[in-house]
Amino acid sequence: MIIIIVIAILVIWGIFIQRRLAGMTENINHAMNQIGIQLSSRFDALTALLELTKEYAAHEYQILTQTIRSQHSAITPLSTAEDVRKQEQLISEVLGHICIIAEQHPELKSSADYVRCMNAIDKYEKTSRTSRLIYNDKVNRLNLELQMFPSSLIAGLFGIRKRDYLEAADE
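The paragraphs below set out a description of the structure included in this document. (Residues numbered from 1 in each chain as written. Predicted model: local features only at pLDDT ≥ 70, side-chain atom pairs only at ≥ 80, totals over all residues. Heavy atoms only, no water.)

Moving on, we come to the packing of helix H1 (residues 2-53) against helix H6 (residues 151-158). With their axes 10 Å apart at the nearest point, H1 and H6 run at an angle of 75° to one another. Viewed along their axes, H1 and H6 adopt a mutual orientation that is roughly perpendicular. Here H1 contributes Gly14, Ile17, Gln18, Arg20 and Leu21 to the contact with H6, which in turn contributes Ser151, Ile154, Ala155 and Phe158. Classifying every residue of the contact of H1 with H6 by side-chain character gives five nonpolar, three polar and one charged. (Axes fitted to C-alpha atoms, helices over the stretch in contact; angles between N-to-C directions. Helix = DSSP H or I, 4+ residues; strand = E, 2+ residues; numbered from the N terminus. Parallel < 35°, antiparallel > 145°, perpendicular 65-115°, else oblique. Contact = heavy atoms within 4.5 Å. Nonpolar A, V, L, I, M, F, W, Y, C, P; charged D, E, K, R; others polar.)

It is worth spelling out H6 at this point. Considered for burial, the residues of H6 that qualify are Ser151, Ile154 and Ala155. Across the axial projection of H6, the buried residues extend over an arc of 100°, all falling on one side. In this structure, the buried side of H6 is in contact with H1 and helix H5 (112-146). Phi turns positive, to about 75°, at Gly159, one or two residues after H6. (Buried < 20%, exposed > 50% of the residue type's maximum accessible area, 1.4 Å probe, protein only. Arc of directions from axis to C-beta.)

Turning next to the environment of Ser73. Of note, Ser73 is situated in the loop between helix H2 (58-71) and helix H3 (81-104). A residue is classified by how much of its surface remains accessible, and Ser73, at 38% relative accessible area, is partly exposed. Measuring from C-alpha to C-alpha, the distance between Ser73 and Phe43 comes to 10 Å, with 30 residues separating the pair along the chain.

We now examine the pattern of salt bridges. In this structure the tally under the stated criterion is eleven salt bridges. Across the pair Arg20 and Glu145 runs a salt bridge whose closest N-O atoms are separated by 2.4 Å. Placement of Arg20 in helix H1 and of Glu145 in helix H5 is noted, with a sequence separation of 125 residues between them. By relative accessible area, Glu145 is classed as buried at 12%. One salt bridge in this structure joins Asp113 and Arg116, with 3.4 Å as the shortest N-O distance. A residue pair is termed a helical-turn pair when its members lie 3 or 4 positions apart in one helix, as Asp113 and Arg116 do in helix H5 at three residues. Residue class for Asp113 comes out partly exposed when judged on its relative accessible area of 37%. Members of the salt-bridge network, linked through shared partners, are Arg42, Glu88, Glu125, Arg129 and Arg132. (Salt bridge = Lys/Arg side-chain N within 4 Å of Asp/Glu carboxyl O.)

A word on the nonpolar core. Judged by nonpolar contacts, the single largest core of 40 residues is most densely connected at Leu21, Leu46, Leu49, Ile98 and Tyr135. Of the residues forming this core, the biggest block, 13 residues, is contributed by H1. Excluding residues within four positions of it along the chain, Ile98 makes contact with Leu46, Leu49, Leu50, Thr53, Leu64 and Tyr114. (Core = buried A, V, L, I, M, F, W, Y, C linked by side-chain atoms within 4.5 Å.)

Structure, rendered in structure tokens:
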């Protein structure tokens, strides 16, 4: 009878740990989804900004549009930190090219639409920073939990692995 009670306690304890790890994993997936939403919003604002450059630099507009179409991919809850880094790098590269075009055309840079689009991109970047902090906090909690016994054992049984942190985006 005592053996059955001990086994039952161990099973319940294992289930409790697995549920806690599953909750942590889901929180990370949700945080990654939020980052995906922010990146999508930044791409939308970037596309609107790119559209403004069309009449000033048609050739660059076509190249940058093709670059976005070929390299842009959606960030999903199952995306990795590397996927996010690549998308943020793409935004930075395209934005850098647009800023160069704007420097060459002061009338574009002083346009109300240009200023509005740049402000939107800045707003989404600030929100994205907050989302990255939240994601990294949740990853930190999971990774710490996975380093502790018996959570590491239970995690191994259910295939729960450590996650990578999101690095600070380059300005």
